[in-house]
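Tertiary structure, described
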Amino acid sequence: MDLMKRVGLDREESVSLIAENCHVQGELRFSAELIINGQVSGVVTADTSGSGLNVGTKGEVVGNLYAPSIIISGQVKGDIYAFGHIELTNTARVSGNLFYQSLQMAAGSSLSGSLRQMEASEIKALMVSEENISRRTAIGRLEAVSELASKDVDDNNSISST
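Note that the coordinates shown come from a computational prediction; the quantities given were computed from them, not determined experimentally. (Residues numbered from 1 in each chain as written. Predicted model: local features only at pLDDT ≥ 70, side-chain atom pairs only at ≥ 80, totals over all residues. Heavy atoms only, no water.)

**What about the overall build of the protein chain?**
Scanning the protein chain from N- to C-terminus turns up two helices and 16 strands. Restricting to contacts in the protein chain with at least 6 residues of sequence separation, those with at least 24 account for 10%. In the structure as shown, the protein chain presents an accessible area of about 9700 Å², 49% of it carried by carbon and sulfur atoms. (Helix = DSSP H or I, 4+ residues; strand = E, 2+ residues; numbered from the N terminus. Contact = heavy atoms within 4.5 Å. Areas by Shrake-Rupley, 256 points an atom, 1.4 Å probe, with all protein chains shown as cover.)

As structure tokens, this is what we get:
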């Protein structure tokens with residue numbers, strides 16, 4: 001039997017994996033399916049409507065998640081936007097607000113935040129708005145760091161005469 005079929009990767013869609021030993025920082029965009037078993041600091045966004053996001057038991061995300069279908073088994077600190085389904089397994093630890101069309105929470109899962117059931121179109125509109133705010137905030141931080149770095153260079157390059 002082919003190895004790809006045995007592990008369930010024989011489909012045409014691609015599966016992306018952030019392994020336990022990986023730490024990704026910044027904006028992450030994906031299509032098809034993304035499995036996070038490592039650490040992600042930043043915004044995670046699905047580019048296609050049929051995409052799925054899975055945060056594994058050892059996965060940790062600090063940032064907002066945007067995808068049609070989301071399964072959380074690990075830890076998330078940020079808001080979660082799913083215009084389809086959100087599933088929190090018994091090992092899920094979430095600190096943030098959930099915006100969803102349907103929700104499934106297993107006994108033992110932990111949530112610190114609010115729940116908001118909405119229509120898919122409302123969630124999509126909210127996602128676009130929140131994504132733009134997140135992107136502007138991230139760009140503002142980068143500009144502030146760049147300004148500080150250039151100021152430090154100017155200060156170090158100035159010669160004082162006594």
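**Observations concerning unusual backbone geometry**
A negative phi angle characterises most non-glycine residues, just as the trans form characterises most peptide bonds. Unusually for a residue other than glycine, A32 sits at a positive phi of about 65°. Relative to the elements of secondary structure, A32 occurs in the loop between β3 (28-30) and β4 (33-36). Given the relative accessible area of 18%, A32 is considered buried. (Buried < 20%, exposed > 50% of the residue type's maximum accessible area, 1.4 Å probe, protein only.)

**Describing the pairing of β4**
Residues of β4 alternate between two faces, with L34 and I36 buried on one and E33 and I35 left unburied on the opposite face. Across four bridges, β4 lies against strand β7 (residues 52-55) in parallel orientation. Residue pairing in the sheet places I36 in a bridge with V55 of β7. (Pairing = 2+ DSSP bridges.)

**Points about the pairing of strand β12 (residues 80-88)**
Inspection of the sheet shows strand β9 (residues 65-66) paired to β12 by two bridges, in the parallel sense. Within β12, the position partnered with Y66 by the bridge is Y81. Bridge count for strand β10 (residues 69-72) against β12 is four bridges, and the pairing is parallel. Bridge assignment links I72 to a residue of β12, and that residue is L88.

**Some points on the environment of N54**
Residue placement: N54 occurs in strand β7. As a C-alpha pair, N54 and I35 span 19 residues in sequence and 4.8 Å in three-dimensional space. Excluding its chain neighbours within four sequence positions, the residues that come into contact with N54 are L34, I35, I36 and I71.

**A look at the sheet that holds strand β11 (residues 75-77)**
Read across the open sheet, the six strands follow the order β2-β5-β8-β11-β13-β15; overall the sheet is parallel. Each edge of the open sheet is held by one strand with a lone partner, namely β2 (23-25) and β15 (110-112). Across this sheet, the average inter-strand angle for adjacent strands is 5°, counted without regard to direction. By the bridge criterion, three bridges tie β11 to strand β13 (residues 93-95) in an arrangement that is parallel. The residue of β13 that forms the bridge with V76 is V94. (Axes fitted to C-alpha atoms, helices over the stretch in contact; angles between N-to-C directions.)

**Overview of the confidence of the model for the protein chain**
Reading fine detail from the predicted coordinates is not recommended where pLDDT is low. On average, residues of the protein chain score 82 in pLDDT, and 72% of them are at 70 or above. Of the regions scoring below 50 in pLDDT, residues 3-9 engages in five contacts with residues more than four places distant in sequence or in other chains. Contacts from residues 158-162, a stretch scored under 50 in pLDDT, to residues over four places away or in other chains number zero contacts. (pLDDT = per-residue confidence, 0-100.)

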